[in-house]
Amino acid sequence: NAENELMARMKVSKAVATMAIPSVISSLVTVVYNMADTFFVSQINTSASAAVGIIFSLMAMIQAVGFTLGMGAGNYISRSLGAKNEDIAVRTAATAFFTAIGIGVVMAVTGLSFLDRLVRLLGATETIAPYARDYARYILLGAPVMTGSFVMNNLLRSQGYAVYAMAGITTGGILNMILDPVFIFGLRMGISGAAAATVISQCVSFCILFFQCNFRKGCIRLRPGKFTPSLKIYGEILHAGLPSLCRQGLASAAA
C-alpha cells in the first residue's frame, strides 16, 4: 500500500522514529489503565486497592494473549507484504484476530465459572476477595475485546499505521481516566465502577481500531472467510510472538 511504499523510501532514522514514537506511546497507555484504576480505587479503601493489584496479574495474562498473537502475526505480515504475498498477510491477520477473540471468550467463560477459585489463586485474602471478585468479573467480560484490541494494535503497526494504532489505544486510556471517578464516586459503583470504566474504554478502543483495520484504504481487512488455522501460520505467529508471552508472564509473576 501507499503507506508501506512511503516507509520504504524514507530514511532509516526517520522511519524508526515514525514507527517507534507512536508505539512507545501506545505501550505506555496500556499501563495507564491500571494506574488510573489504582489511583481512584485507593480512595475507597486499602482492600479495594489491593484487589486491583491482584487482578493486574489477570489483566497481564489477557494482554499476553493479545501481544503474543499480535506481535507474532505482525512480524509475519510485514515479511509477507515485503515479499508481495498479500494473500498470506490477509490470512495471517484474520487468523490472529479471530483466534484472539476465541481465546478471550474461553478465558471469560472459564474465569467467570470459577471466579472465587480464580481470585484465591491470584492471592486474594478473605478481606480482599469480595473486591477482587467484583473487579475481575468485569475484566473477564471484556477479555475478548482486550485480546482483539491488542492484536489489531500490532497489525496496524506492522503495516506502517502506527499513528492510527496509537489513536485507538490513547483514546481508550483518556476515556478510562474520565470515566473512573464518574463510575466509582458519581454512580457509587465502587470498585466495580473502575472495572466497568476500563472495559468500556477498551470497547471504544476496539471499535476505533476495528474501523481503522477494515475501512482505512490500503489496510488489510479482517475477514472471517480468510481465517486459516493452519500449522504453518500458527507456527510463524508463535515463533515471533512467544518472547512477548514470556515477558508478559514474568510481569504477571512479579505482580
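In case you missed it, the structure is sitting above this.
Residues numbered from 1 in each chain as written. Predicted model: local features only at pLDDT ≥ 70, side-chain atom pairs only at ≥ 80, totals over all residues. Heavy atoms only, no water.

A. View of the nonpolar core. Ranked by internal contacts, the top residues of the largest apolar core, which has 32 residues, are Ile-55, Leu-58, Tyr-135 and Ile-139. Breaking this core down by element, the ones donating at least two residues are helix H2 (12–41), helix H3 (46–82), helix H5 (115–121), helix H6 (129–141), helix H7 (143–158) and helix H9 (191–215). If one sorts the elements of this core by residue count, H3 sits on top with 9 residues. Apart from residues no more than four positions distant in its own chain, Ile-139 is found in contact with Ile-55, Leu-58, Met-59, Ile-62, Met-146, Ala-195, Thr-198 and Val-199. Counting 27 residues, the second-largest nonpolar core is a separate cluster that includes Ala-96, Ala-165, Ile-169 and Ile-220. (Core = buried A, V, L, I, M, F, W, Y, C linked by side-chain atoms within 4.5 Å. Buried < 20%, exposed > 50% of the residue type's maximum accessible area, 1.4 Å probe, protein only. Helix = DSSP H or I, 4+ residues; strand = E, 2+ residues; numbered from the N terminus. Contact = heavy atoms within 4.5 Å.)

B. Just the packing of H7 against H9, in detail. Where H7 meets H9, the axes come as close as 9 Å, and the angle between the chain directions of the two elements is 40°. In terms of crossing hand, the pair formed by H7 and H9 is left-handed. Of the residues in H9, those in contact with Val-145, Met-146, Gly-148, Ser-149, Met-152, Asn-153 and Leu-156 of H7 are Thr-198, Val-199, Gln-202, Cys-203, Ser-205, Phe-206, Leu-209, Phe-210, Gln-212 and Cys-213. (Axes fitted to C-alpha atoms, helices over the stretch in contact; angles between N-to-C directions. Left-handed = near helix turned anticlockwise from the far one by under 90°.)

C. A nonpolar patch on the surface, seen in detail. On the surface, Ile-174, Met-177 and Ile-178 cluster together into a nonpolar patch covering about 280 Å² of accessible area. When you line up the elements, Met-177 lands in helix H8 (residues 162–186). (Patch = residues over 30% accessible without salt bridge, like charges linked within 9 Å, V, L, I, M, F, W, Y side chains within 5 Å. Areas by Shrake-Rupley, 256 points an atom, 1.4 Å probe, with all protein chains shown as cover. Salt bridge = Lys/Arg side-chain N within 4 Å of Asp/Glu carboxyl O.)

D. Representation of the state of the cysteines in the model. Under the counting rule described, the total for this entry stands at 0 disulfides. Its sulfur unpaired, Cys-213 is 4.9 Å from the next cysteine sulfur, which belongs to Cys-219. Classification of Cys-213 as buried rests on a relative accessible area of 1%. (Disulfide = S-S within 2.5 Å.)

E. Structural view of the pattern of salt bridges. Under the counting rule described, the total for this entry stands at 7 salt bridges. One salt bridge connects Asp-116 with Arg-133, and the closest N-O pair in it is separated by 2.7 Å. Residue Asp-116 is found in helix H5, and its partner Arg-133 is found in helix H6; the two are separated by 17 residues along the sequence. For Arg-133, a relative accessible area of 23% puts it in the partly exposed group. Residues Lys-232 and Glu-236 are paired through a salt bridge, measuring 3.9 Å at the closest nitrogen-oxygen approach. Taken together, the residues Lys-232 and Glu-236, both in helix H10 (residues 231–254) and 4 residues apart, mark about one turn of the helix.

F. Looking closely at the packing of H8 against H9. For the pair H8 and H9, the least separation of the axes is 8 Å and the interaxial angle reads 155°. When the axis of H8 is compared with that of H9, the two are roughly antiparallel. The handedness of the crossing between H8 and H9 comes out as right-handed. Here Tyr-164, Ala-165, Gly-168, Ile-169, Thr-171, Gly-172, Leu-175, Asn-176, Leu-179, Asp-180, Phe-183 and Ile-184 of H8 lie close against H9, whose contacting residues are Gly-193, Ala-194, Ala-196, Ala-197, Thr-198, Ile-200, Ser-201, Val-204, Ser-205, Ile-208, Leu-209 and Gln-212. (Parallel < 35°, antiparallel > 145°, perpendicular 65-115°, else oblique.)

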